[in-house]
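Report on the structure
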Amino acid sequence: MMILVAVDGSEGSAAALRWARRFADQMGASMGAVRAWEYPSSAALPGGPSLRGQDEVTAEVTSELTRFLRDELAEGAEGVEAIVEPGVADLAVLRAAERWRADLIVVGRRGLGAVAGRLLGSVSRRVVEGATCPVAVIPSPLGAHEGPVVVGVDGSASAAAAVEWATEVALALSSPMVVVHAVSYELPGSPYSFGDAMDRAGQAIAEEQSRPPREAGVEVRTVVRTLDPRALIPETADELDARLVVVGSRGAGPIASLLMGSTASYLAERCDHPTVLVPRPPP
């Protein structure tokens, strides 16, 4: 496994870096840290200050990144590949992830470029939406969570991909898994009660998507409740002190044009636990 963490010198990226180092150690994974920089697009005017060459800027940014790694990780910085990539931050991270064949990208929830009114920074959001591999969004400050891996499922292909990824992690960490399915609300004023049928259908979805990790030897239990998934998943994670929350980046929702599903977006912005968003597999 190759883990690539995006850093920009902010506390949010420092939290992401520290989490990625621990996770890489637990998974026996290699690790790289990528720092993007943008070269001025306009040329210097005659008689004005001259622009530094790309090689000079790259060397300076590499030096800054190396110091940042040592300051945050101390001896843990050994073995972390320092990657400097020119260009707009999100595109630079995605380009580096493709070149290094990253299996997981790690970003802080907030970075230097985040607007104060937004919980998920624009760069982190664009990385999540553009990545072809799972992306972990790390809140800051981050507590020491030691509970199970919690996976949200809805019967979609993205949920199946999330379960598959979470199974690999649970096996590596010898961690139990909790599969969570939120049953849709019953229509108000309906002349018929569909509650029991909906509960049975929801339990069937949870059991079906629990089957692969069980067959792989993971200890699995299910949580099925009639509640909005944006409430049920973080509530379950809080109750169980989940070490990791895993969901598909797109669910079974009806709006195909959305790049990131509403549940995934909500969890990335508000969940107090490390949250991994797994993309839908290619057809």
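What you see is a predicted model; the values in this text were computed from it and never measured.

**Examining the pairing of strand β1 (residues 2-6)**
Counted residue by residue, β1 has five buried out of five residues, so it is predominantly covered. In β1, alternate side chains face the same way, and those of Met2, Leu4 and Ala6 on one face and Ile3 and Val5 on the other are all buried. Strand direction decides the pairing type here: β1 and strand β2 (residues 30-37), joined by five bridges, are parallel. What sits directly across from Ala6, in β2, is Val34. Once the chain exits β1 it traverses helix α1 (residues 11-27) before rejoining the sheet at β2, and the crossover so formed is right-handed.

**Notes on the pattern of salt bridges**
On inspection of all chains with the given rule, the structure shows 13 salt bridges. Of the charged contacts in the structure, one is a salt bridge between Arg214 and Glu207, with a shortest N-O distance of 3.2 Å. Salt bridges linked by common partners bring Glu11, Arg18 and Glu72 together as one network.

**Comments concerning helix α4 (residues 122-130)**
What α4 keeps buried is the set Ser124, Arg125, Val127 and Val128. The buried residues of α4 occupy an angular sector of 160 degrees when the element is viewed end-on, so they sit on one face. Turning to α4, the residues buried within the fold contact α3 (89-99), β4 (104-108), β5 (135-138), α8 (262-270) and β10 (275-278).

**Focus: unusual backbone geometry**
Residues apart from glycine generally show negative phi values, whereas peptide bonds are mostly found in trans. A cis amide bond links Ser140 with the next residue in sequence, Pro141, at an omega value of 0 degrees. Position of Pro141 relative to the elements: it lies in the loop between β5 and β6 (149-152). Despite not being glycine, Ala74 has its phi angle at roughly 55 degrees, a positive value. In this fold, Ala74 is placed in the loop between α2 (54-73) and β3 (80-86). Classification of Ala74 by relative accessible area gives exposed; the value is 52%. You will see that Asp241, though not glycine, has its phi angle at about 55 degrees, which is positive. Position of Asp241 among the secondary structure elements: in the loop between α7 (229-240) and β9 (244-248). With relative accessibility at 30%, the residue Asp241 sits in the partly exposed group.

**Focus: the sheet that holds strand β8 (residues 220-226)**
On the basis of which strands lie adjacent, the open sheet formed by 10 strands has the order β3-β2-β1-β4-β5-β10-β9-β6-β7-β8 and mixed pairing. Unpaired on one side and paired on the other, β3 and β8 mark the two borders of the sheet. Geometrically, the sheet is characterised by an average inter-axis angle of 25 degrees between neighbouring strands, direction not taken into account. Bridge analysis of β2 against β3 gives seven bridges, and the strand direction is parallel.

**With respect to the confidence of the model for the chain**
Overall, the prediction assigns the chain a mean pLDDT of 85, with 82% of residues at 70 or greater. Every residue in residues 41-45 scores below 50 in pLDDT, and together they form five contacts with partners more than four places removed in sequence or on other chains. Note that pLDDT drops below 50 for residues 112-119; the model gives that stretch 12 contacts with residues more than four away or on any other chain.

**What about the packing of aromatic side chains?**
Scanning the entire structure with this criterion turns up two aromatic pairs. Measuring from centroid to centroid gives 4.8 Å for Trp19 and Phe23, while their planes differ by 15 degrees, and the two rings are stacked. With Trp19 and Phe23 both in helix α1, this residue pair falls four residues apart, about one helical turn. Note on accessibility: Trp19 and Phe23 belong to one class, buried. The structure contains a cluster of three or more aromatic residues connected by ring pairs, namely Trp19, Phe23 and Trp165.

**Observations concerning the environment of Val127**
Position of Val127 relative to the elements: it lies in helix α4. Relative accessible area serves as the criterion here: at 0%, Val127 is assigned to the buried category. The spatial distance from the C-alpha of Val127 to the C-alpha of Leu91 is 7.7 Å, given a sequence separation of 36 residues.

What counts and what doesn't
Residues numbered from 1 in each chain as written. Predicted model: local features only at pLDDT ≥ 70, side-chain atom pairs only at ≥ 80, totals over all residues. Heavy atoms only, no water. Buried < 20%, exposed > 50% of the residue type's maximum accessible area, 1.4 Å probe, protein only. Helix = DSSP H or I, 4+ residues; strand = E, 2+ residues; numbered from the N terminus. Pairing = 2+ DSSP bridges. Right-handed = clockwise from strand over helix to strand, strands pointing away. Salt bridge = Lys/Arg side-chain N within 4 Å of Asp/Glu carboxyl O. Arc of directions from axis to C-beta. Contact = heavy atoms within 4.5 Å. Axes fitted to C-alpha atoms, helices over the stretch in contact; angles between N-to-C directions. pLDDT = per-residue confidence, 0-100. Phe/Tyr/Trp six-rings, centres within 6.5 Å; stacked < 30°, edge-to-face > 60°.

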